[in-house]
Amino acid sequence: MVARSLAIRGAITVLAVRNLAKGQQAIDTIRAEYPVASLSLQQLDLTSLASVRPAADQLNSRYPRIDLLINNAGVSLAPKTLTQDGFELHFGTNHLSHFAFTGLLLKNILAAQASRIVTVSSGMHRRASTRFLDHPGYEANYSRVVAYARSKLANLLFTFELQRRLAARNTNTTALAAVPGIAKAEVGRYLPTAVRWGLKPFISPFEQNAAMGALPILRAATDPKATGGQYYSPRSRAHTRGYPEIQIPSGQSQDSGLAADLWAMSENLTGIKFLDLDSETIHVQDQVPPRRQ
C-alpha cells in the first residue's frame, strides 16, 4: 500500500524485495490501476549482508539522488533462527540489515534536498529489554516475542541516533519512525496455524486494513510539517488502529547512551562505519565482518 500510494502520485518508486515474483505481482497490480506508474524492482534479501551490499551498489548507480528511503521490511514472531551471517533473525533482519543498507545509501540520500529516512517500528518496542547489547537473541530461554520487541526497539534507537547525528552536522536529511499498528499482513506467518487461528478472536477487534496501516508510514514520509526524530503511530489508546498522529515512544528508545552503544555494536557486526556525516560528503567504510559461528 505504501508503494502504491507513492507511485500513483508520481514518485519514481523502487520495491526492494526478496521474492522477485511477488514483487512483480505487486507492480502489475499497481499498474493495472495506474498504467503510467514508475515502478521497478531491486532484489534484496535482508537476511544476508552479502545481498545488502550489491543491492545498495546497484541503487546508488541508478539513482545519484534518493529522496526517500523507507526501511519497511522485516520478520516477526519467528522461531529461533539465524540469518545467513549468523545473527538472530529478528535483530539481524529488522535492525542490522537496515542499518547497513541505510549507511551504504546515505551519500546519495544526502545528495537530495530535504530527503527522509523512515524506519518502521512497532508498539511492541515498549515490551523490550535492552539485553540485546549483551545477548542479541542468543540466550537459552529464547522468546520469539522478546526477540521481535528488541528488534523494534533497535529500530527506534537507530532512528533517533541517526537523527541526532544528521542534525549535529546541519544536513537537510531527517530520520523519522512510524508504527502501522495491527494491520492485516503476513507478519504472523511464522506462527503455527493453530496459534494464528486461536489468536484471531483477540486480535481482530484491534486490527485495521492494510491501507490504514500504511498511513503512519506515508505521513512520516510526506508530511510537510514533519521534523526529524518524530514518531508516528495510530491514535487509539492502545496504538493499534486509527489515523496517525505524532506520539511519544518509550523512554528507553530515546536513551542516547543506549543508542550510541547499539550504534557501535551495529558498526562492528555489519562492518559498515559511518565515518563522516557532512552536508556535502559522506565517507562510509565498508568492511565485511567475520561470519558469526
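Predicted model, so just to flag it, every value in this text is computed and none were measured.

Engineer: Just to check I follow, could you spell out the overall build of the protein for this structure?
Structural biologist: Of the regular secondary structure elements, the protein holds eight helices and nine strands. Here the protein holds 293 residues, and 50% of them are scored as buried. Taking the intrachain contacts of the protein between residues at least 6 apart in sequence as the baseline, contacts between residues at least 24 apart amount to 73%. If you sum the accessible surface of the protein, you get close to 14000 Å²; carbon and sulfur atoms cover 53% of it.

Engineer: Teacher, can you tell me more about the nonpolar core here?
Structural biologist: In terms of nonpolar packing, the biggest core is built from 38 residues, with V52, F91, F101, L105, I109 and L162 touching the most fellow members. Within the residue set of this core, elements represented by two or more residues are α3 (49-62), α4 (89-110), α5 (144-168), α8 (256-270) and β8 (272-277). At ten residues, the largest contribution of residues to this core is made by α4. Once residues within four sequence positions are removed from consideration, F101 is found in contact with L44, V52, A55, A56, L59, L69 and N71.

Engineer: Whenever I open this one, the packing of α3 against α4 confuses me. Can you help?
Structural biologist: The description of two helices packed together rests on the angle between their axes and the distance between the axes. Across the interface, α3 lies against α4 with an axial gap of 9 Å and an inter-helix angle of 20 degrees. Taken together, α3 and α4 sit at an angle that is classed as roughly parallel. Crossing geometry of α3 relative to α4 is assigned as right-handed. Of the residues in α4, those in contact with L49, V52, R53, A55, A56, L59 and N60 of α3 are S97, A100, F101, L104, L105 and N108.

Engineer: Help me understand the pattern of salt bridges, please; the structure alone is not making it clear to me.
Structural biologist: If the charged atoms of two oppositely charged side chains come close together, the side chains can form a pair. Evaluation of the coordinates by the stated rule reveals four salt bridges. The partner of E161 in a salt bridge is R164, with the nearest N and O atoms 3.0 Å apart. Separated by three residues within a single helix, E161 and R164 lie in helix α5, roughly one turn from each other. With relative accessibility at 31%, the residue R164 sits in the partly exposed group. The residue R165 makes a salt bridge to E161 at a minimum N-O spacing of 2.8 Å. Placement of the pair is R165 and E161 together in helix α5, with a separation of four residues, close to one helical turn. Judged by its relative accessible area of 22%, R165 is partly exposed. Within the structure, one salt-bridge network assembled from shared partners comprises E161, R164 and R165.

Engineer: Please explain unusual backbone geometry as it appears in this structure.
Structural biologist: Excluding glycine, most residues fall at negative phi; most peptide bonds, likewise, are trans. Although it is not a glycine, A114 adopts a positive phi angle of roughly 55 degrees. Position of A114 among the secondary structure elements: in the loop between α4 and β4 (116-120). Using a relative accessible area of 55% as the deciding quantity, one classes A114 as exposed. Non-glycine residue N170 carries a positive phi angle of around 55 degrees. Among the structural elements, N170 can be located in the loop between α5 and β5 (174-178). On the basis of relative accessible area, N170 is assigned to the exposed category, the value being 64%.

Cut-offs and rules
- Residues numbered from 1 in each chain as written.
- Predicted model: local features only at pLDDT ≥ 70, side-chain atom pairs only at ≥ 80, totals over all residues.
- Heavy atoms only, no water.
- Helix = DSSP H or I, 4+ residues; strand = E, 2+ residues; numbered from the N terminus.
- Buried < 20%, exposed > 50% of the residue type's maximum accessible area, 1.4 Å probe, protein only.
- Contact = heavy atoms within 4.5 Å.
- Areas by Shrake-Rupley, 256 points an atom, 1.4 Å probe, with all protein chains shown as cover.
- Core = buried A, V, L, I, M, F, W, Y, C linked by side-chain atoms within 4.5 Å.
- Axes fitted to C-alpha atoms, helices over the stretch in contact; angles between N-to-C directions.
- Parallel < 35°, antiparallel > 145°, perpendicular 65-115°, else oblique.
- Left-handed = near helix turned anticlockwise from the far one by under 90°.
- Salt bridge = Lys/Arg side-chain N within 4 Å of Asp/Glu carboxyl O.

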